[in-house]
Amino acid sequence: MGFVILLRALVSLLGFLLLVILAAAGLALAVFCIQGGDSGLSLPALADALRLPDLRDSVDGSLGDLEDSGPVDLLALLIGLGLIALALALLLGVFVPARERLVSVAPGDEGLAARRRALAHIARALAERSDGITSAKAKVKPARRGGGKVKVRADRTRQTEAGAARERIEHELAPLSDGFRLKPKVRTRLADRGSRVQ
Amino acid sequence: MPPKPRSGAVSPRTELARVALEAAVGVDGVAAGNAGPTGQYVTSWGGVRLAGVVATAQGAGCFSVDLFLTAELVPLHELGERLPVVVGEAVTEAGLGDRLGNVSVSFLDVEHPLGWAS
């Protein structure tokens, strides 16, 4: 989430800078359209001032070097890949929403909602209260129409059967899953030798 | 004892936000107001930053109150249903009952007495 917020800030900053550059370029063009000919406030004079012919020659030379047969220009390749990565990151910043979707109780109901992380913390604490469970991890995925899923992955002791452990966890989760309309999905596995019941 | 504003006048909107947040934070099971991951859920009350509450005009002189809270390890659903009632009572007691619109509650985090292991 923090990364997306950073990307959105970068997109806003770059967008602002591009607008400033566009405004300055438009102003310069307008001013240099006042006179005709090759001097004074004319477009050829602007091109000379910006050294556009030199730039054209320089770009022409660089592109010619790239097209030549021979070993791959590693620097140009890296710069190209970097620009592609930057463009993809900026697209992410534009399209991925910065605001995290909350789990709401009812479809479209903004009255009561909770962040996924908060619900996952509680689900984990509830699962770890179950007999025979040594540790648990929980994830919550909101559904578009309210509620969602709570996935719990728990470690159990050898003496605890998988089915019984799952039932106990689902029973412990009931106050949370019923309240927020979360469908529980519980998986258990045998704990490592070093694990102890908590 | 309510805090004193540092500067400027306090509007009914921000006063409503303060009363609602104070009432919510006073409820058992609520640890604190939560400003959100980027600090967007705040209201400035006379220069004092109230984290975890946003009051928005809702028409006809009313304001909706959105609360963003960190809860303790308690049943969230029951707590979430109790909070609007408590807030409504506190706002009425403060003489702002006719200004209160919708009240929403969002739990952004949960506090564990021993901290959460990663």
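Our structure is the block above this text.
Source: prediction; values computed, not measured.

Draft legend 1. Spatial organisation of the overall build of chain B. Each helix and strand counted, chain B has two helices and six strands in total. Written out in order from the N terminus, the α and β elements of chain B read α-β-β-β-β-β-α-β. Each of the 118 residues in chain B was classed as buried or not, and the buried ones make up 37%. For chain B, the share of sequence-separated contacts (at least 6 apart) that also reach a separation of at least 24 residues comes to 70%.

Draft legend 2. Structural detail: the nonpolar core. The biggest cluster of nonpolar side chains holds 57 residues, and the ones touching the most others in it are L119(A), A123(A), A127(A), A20(B), V65(B) and L67(B). If we ignore the near neighbours within four places in the chain, the residues touching L67(B) are A20(B), L21(B), A24(B), G52(B), V53(B), L83(B), S104(B), V105(B) and S106(B).

Draft legend 3. Representation of the packing of helix α1 (residues 12-25) of chain B against helix α2 (residues 76-93) of chain B. Residue and element names in this part refer to chain B. For the pair α1 and α2, interaxial distance at closest approach is 9 Å and the crossing angle is 130°. In terms of orientation, α1 lies oblique with respect to α2. For the pair α1 and α2, the crossing hand works out as right-handed. Taken together, the residues of α2 that come into contact with α1 (itself represented by L16, V19, A20, A23 and A24) are L83, V86, V87, A90 and V91. Of the residues assigned to the contact of α1 with α2, the class counts are ten nonpolar, no polar and no charged.

Draft legend 4. Summary view of the pairing of strand β2 (residues 42-45) of chain B. Residues and elements named next belong to chain B. In β2, alternate side chains face the same way, and those of T43 and W45 are buried while those of V42 and S44 on the opposite face are not. Note: β2 against strand β3 (residues 48-51), four bridges, orientation antiparallel. Bridging from a neighbouring strand, W45 pairs with V48 of β3. Between β2 and β3, which pair antiparallel and follow one another directly, the connecting turn spans two residues, one of which, G46, has a positive phi of 55°.

Draft legend 5. Spotlight on helix α3 (residues 52-67) of chain A. With 16 residues, α3(A) should cover 22 Å at 1.5 Å per step; its first-to-last C-alpha distance of 22 Å lies within 8% of that length. A small share of α3(A) lies buried, amounting to zero of its 16 residues.

Draft legend 6. Spatial organisation of the interface of chain A and chain B. Tallying the contact residues gives 17 residues for chain A and 18 residues for chain B. The set of elements that each furnish at least two residues to the side of chain A that touches chain B consists of β2 (112-114), α5 (116-127) and α6 (162-179) of chain A. With five residues, α5(A) is the largest single contributor of residues to the side of chain A that touches chain B. Here the side of chain A that touches chain B is built from residues that sort into eleven nonpolar, three polar and three charged. Sheet topology note: the β2(A)/strand β6 (residues 100-111) of chain B ladder contains three bridges and is parallel. Each bridged residue has a counterpart across the sheet, and for A113(A) the counterpart in β6(B) is S106(B).

Calculation notes
- Residues numbered from 1 in each chain as written.
- Chains lettered and ligands numbered in written order.
- Predicted model: local features only at pLDDT ≥ 70, side-chain atom pairs only at ≥ 80, totals over all residues.
- Helix = DSSP H or I, 4+ residues; strand = E, 2+ residues; numbered from the N terminus.
- Buried ≥ 20, exposed ≤ 12 C-beta atoms within 10 Å, placed from the backbone.
- Contact = placed C-beta atoms within 7 Å.
- Core = buried A, V, L, I, M, F, W, Y, C linked by C-beta atoms within 7 Å.
- Axes fitted to C-alpha atoms, helices over the stretch in contact; angles between N-to-C directions.
- Parallel < 35°, antiparallel > 145°, perpendicular 65-115°, else oblique.
- Left-handed = near helix turned anticlockwise from the far one by under 90°.
- Nonpolar A, V, L, I, M, F, W, Y, C, P; charged D, E, K, R; others polar.
- Pairing = 2+ DSSP bridges.
- Expected span 1.5 Å × (residues − 1).

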